[in-house]
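Working through the structure, step by step
For reference, the chains in residue letters:
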Amino acid sequence: MAALEMDDEGLKALVDAFYARVRADGALGPIFNDAIADWPEHLDKLAAFWSSVMLTSGRYKGQPVPAHMKHKDRIAPALFGRWLELWAQTTEELMTPGAAVALQDRAARIAQSLQLAMFFRLDD
Ligand code: HEM
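Fair warning: this is a prediction, and the values are worked out from it, not measured in the lab.

1. Looking at the site of the ligand
Close contacts around the ligand come from 22 residues, with K45, Y60, H68, K70 and H71 the closest. Within the contact set of the ligand, an oxygen atom lies 2.6 Å away from a side-chain nitrogen or oxygen of Y60. In the model, a nitrogen atom of the ligand is placed 2.8 Å from a nitrogen or oxygen of the H68 side chain. Going through the elements one at a time, α2 (29-35), α3 (39-55), α4 (64-69), α5 (77-94) and α6 (97-119) are the ones with two or more residues in the shell around the ligand.

Encoded structure:
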């Protein structure tokens, strides 16, 4: 199978495949399945997010930190490792090697900053 392109269509297909795996994962699946009522909308939002990150399209307008903060009681820091592992698997299987590395690198940085925002507070 040919690799997906790093364009809006390819990123949408990547996001769809990734969240199918996330939903089936024993640790991550229940959190997402409980939190997300409208999956088509979530998948469109995440495709817009990755389009903004990788293609600087400006398509995503949102606030990831408060969105994750709402679920702080269920998101343990170790789950970020699992999320990144599934992202690595999915990008490796579906993208060219160079694109997979770029997507993994961006995800790792974003995961790091989300964790700092969620779990590292000077005042508690
Ligand atoms: C939204 C869980 C890691 C990007 C969400 C939502 C959940 C979630 C439950 C829906 C929030 C809501 O509307 O109620 C998790 C878990 C993670 C994780 C359990 C890892 C342990 C990441 C990472 C990224 C990311 C690493 C980016 C690289 C986003 C974005 C949204 C989102 C862009 C949409 C925020 C918005 O509503 O604008 N996530 N997430 N997440 N997540 Fe994550």
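2. What about the side chain of D25?
Relative to the assigned elements, D25 resides in the loop between α1 (8-24) and α2. Among the residues examined, D25 registers a relative accessible area of 11% and is labelled buried. Those residues within four positions of D25 in sequence are excluded, and the remaining contacts are P30, R82 and L86.

3. Overview of the pattern of salt bridges
For the structure shown, the criterion picks out eight salt bridges. A salt bridge links D16 to K12, with the shortest nitrogen-to-oxygen separation between them at 2.8 Å. Here the residue D16 and the residue K12 both occupy positions in helix α1, the gap between them amounting to four residues, near one helical turn. With a shortest N-O distance of 2.6 Å, R82 and E85 are connected by a salt bridge. Taken together, the residues R82 and E85, both in helix α5 and three residues apart, mark about one turn of the helix. Linked through salt bridges whose partners overlap, the residues forming this network are K12, D16 and D44.

4. Quick notes on the nonpolar core
One finds Y19, F32, W50, W83 and W87 to be the most contacted residues of the largest nonpolar core, which totals 26 residues. Elements represented by at least two residues in this core include exactly α1, α2, α3, α5 and α6. Beyond its immediate chain neighbours, meaning those up to four positions away, Y19 contacts F32, W39, H42, L43, L46 and W83. F80, A111, L114 and M118 belong to the second largest nonpolar core, which has five residues in total.

5. Notes on the coordination of the iron atom of the ligand
No other protein atom reaches the iron atom of the ligand as a donor apart from H68 (NE2), found 2.0 Å away. With respect to the helices and strands, H68 occurs in helix α4.

Definitions and limits used
Here the residue numbers are simple positions, counted from 1 along each chain's written sequence. Residue-level local features of this predicted model are given only where pLDDT is at least 70; pairs of side-chain atoms are given and counted only at 80 or more, and the full residue set underlies all totals for whole chains, interfaces and linings. Neither water nor hydrogens contribute to the side-chain values; these are computed over all heavy atoms in the structure. Whether a residue is near a molecule or strand is decided by its heavy atoms; if any one of them lies within 4 Å of it, the residue is near. Residues adjacent in sequence count toward polar contacts only when both atoms are side-chain atoms; beyond that, a polar contact is any pair of N or O atoms within 3.5 Å, and within protein one must be able to donate a hydrogen and the other to accept it. In this text, helices come from DSSP runs of H or I with a minimum length of four residues, and strands from runs of E with a minimum of two, each type numbered from the N-terminal end. In this scheme, a residue with accessible area under 20% of its type's maximum is buried, one over 50% is exposed, and one in between is partly exposed, where area comes from a 1.4 Å probe on protein chains only. Contacts are assigned to residue pairs with any non-hydrogen atoms lying within 4.5 Å of each other. By definition, a salt bridge exists where a carboxyl oxygen of Asp or Glu is found within 4 Å of a side-chain nitrogen of Lys or Arg. The nonpolar core is taken to be a set of buried Ala, Val, Leu, Ile, Met, Phe, Trp, Tyr and Cys residues, with the residues joined through side-chain atoms within 4.5 Å. Note that water is not among the atoms used; donors are N, O and S atoms within 2.8 Å of the metal (3.2 Å for Na, K and Ca), so sites may look incomplete.

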